Amino acid sequence: MNLFSNGTLTTDDYEMFDVGTPPPPPPPPPAGGNLVQNPSLETAGTGSFPQCWQAGGYGTNTATFSTVATAHTGTKAEKLTITGYSSGDAKLLPTMDTSTCPPAAVAGHTYSVRVWYTSTAVTQFALYYRDASNNWVYWTSGPWLNTATTYTQASFTTPALPAGATAISFGLSLFSNGSVTTDDYAMYDSVGAPPLG
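Described below are features of the structure shown in this document.

1. Looking at the state of the cysteines
By the definition in use, this model includes one disulfide. For Cys-52, the disulfide goes to Cys-101, at an S-S distance of 2.0 Å. Judged by the torsion about the S-S bond (-55°), the Cys-52/Cys-101 disulfide is left-handed. With Cys-52 in the segment before β1 (53–58) and Cys-101 in the loop between β4 (89–94) and β5 (111–119), this pair connects stretches of sequence that are 49 residues apart. Judged by its relative accessible area of 13%, Cys-52 falls in the buried class. Look at Cys-101 and you get buried, because its relative accessible area is 15%.

2. Description of the environment of Pro-159
With respect to the helices and strands, the residue Pro-159 is situated in the loop between β8 (148–157) and β9 (167–174). The exposure class assigned to Pro-159 is partly exposed, which follows from its relative accessible area of 38%. C-alpha separation for the pair Pro-159 and Ser-112, spaced 47 residues apart in sequence, amounts to 9.8 Å. Those residues in contact with Pro-159, other than ones at most four positions away along the chain, are His-109, Thr-110, Trp-139 and Thr-140.

3. A look at the side chain of Asp-184
Summarising the element assignment, Asp-184 is placed in strand β10 (residues 178–189). Once residues within four sequence positions are removed from consideration, Asp-184 is found in contact with Pro-39, Ser-40, His-72, Thr-73, Arg-114, Val-115 and Trp-116.

4. Describing the sheet that holds β10
Spatial ordering of the open sheet is given by β2-β3-β10-β5-β8, a layout of five strands whose pairing is antiparallel. Edge positions in the open sheet fall to β2 (62–68) and β8, since each of these has one partner strand only. Sheet twist, expressed as the mean angle between neighbouring strand axes with direction ignored, is 25°. Where β5 meets β8, seven bridges bridge the pair, whose relative direction is antiparallel. Residue pairing for β8: Ser-119 is matched across the bridge by Ala-148.

5. Details of unusual backbone geometry
Of note, the phi angle at Leu-41 is positive, near 65°, even though the residue is not glycine. Within the secondary structure, Leu-41 is located in the segment before β1.

6. Some remarks on the nonpolar core
Phe-125, Leu-127, Leu-161, Ile-168, Phe-170, Tyr-185 and Met-187 are the most contacted members of the largest nonpolar core, which has 34 residues in total. Elements with a minimum of two residues in this core: β3 (77–83), β4, β5, β6 (123–130), β8, β9 and β10. Those residues in contact with Met-187, other than ones at most four positions away along the chain, are Gly-33, Asn-34, Leu-35, Val-36, Pro-103, Ala-104, Ala-105, Tyr-111, Ser-112, Val-113, Ile-168 and Phe-170. Among the nonpolar cores identified, the runner-up in size contains five residues, and Leu-93, Ala-126, Trp-136 and Ala-167 belong to it.

7. A word on the pattern of salt bridges
Per the counting criterion, the structure on display carries one salt bridge. One salt bridge in this structure joins Asp-89 and Lys-91, with 2.8 Å as the shortest N-O distance. Judged on exposure class, the residue Asp-89 and its partner Lys-91 are both buried.

8. Some remarks on the packing of aromatic side chains
Taken as a whole and assessed by the stated rule, the structure comprises eight aromatic pairs. Ring centres 4.4 Å apart and planes at 50° place the aromatic pair Trp-53 and Tyr-185 in the tilted group. Placement of Trp-53 in strand β1 and of Tyr-185 in strand β10 is noted, with a sequence separation of 132 residues between them. The class of Tyr-185 is buried, set by a relative accessible area of 2%. Connected via pairs of aromatic rings, a cluster forms that spans Trp-53, Phe-125, Phe-156, Phe-170 and Tyr-185.

What counts and how
Residues numbered from 1 in each chain as written. Predicted model: local features only at pLDDT ≥ 70, side-chain atom pairs only at ≥ 80, totals over all residues. Heavy atoms only, no water. Disulfide = S-S within 2.5 Å. Helix = DSSP H or I, 4+ residues; strand = E, 2+ residues; numbered from the N terminus. Buried < 20%, exposed > 50% of the residue type's maximum accessible area, 1.4 Å probe, protein only. Contact = heavy atoms within 4.5 Å. Pairing = 2+ DSSP bridges. Axes fitted to C-alpha atoms, helices over the stretch in contact; angles between N-to-C directions. Core = buried A, V, L, I, M, F, W, Y, C linked by side-chain atoms within 4.5 Å. Salt bridge = Lys/Arg side-chain N within 4 Å of Asp/Glu carboxyl O. Phe/Tyr/Trp six-rings, centres within 6.5 Å; stacked < 30°, edge-to-face > 60°.

Below, the structure is given as structure tokens:
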């Protein structure tokens, strides 16, 4: 607004609007669909890791990952062995990056995470989420899971995903000397999730 001659102009209550079209929100995941990429770990990736998977962990311990043939289904599973444990943990996780590898998720939703495992030590789910700034944040952990000599399905239902979150990464955390072998990962929106098994 301009004043082009002598005089007075009185104004009040200015507002400004962005007339650009905001980008649409990401589509919700399909109900009932497994959101994990390469869930049976059959497609090889870099080094000893399946495609779309990475190591996670911290503390003082020696973690070794290897692809093994003792699979729940298919021909491959991933074995994590910890030796020299003093502190921390280690786990196999969907890659924590901005690619399409980590399972997409919708803020406010709850999710059922699942995996088949054998282990010589107690383990538990560890979960992370990608925030609106594409940073990965530790989120929560599940209850302890007993050792298992034959493949056993572990499951955990998450709390509501925090505002701004766009993806989830999860795995079974090993926090002592021992080993855990995992296969057939799954993550479902709790609404429409199939039965366990």
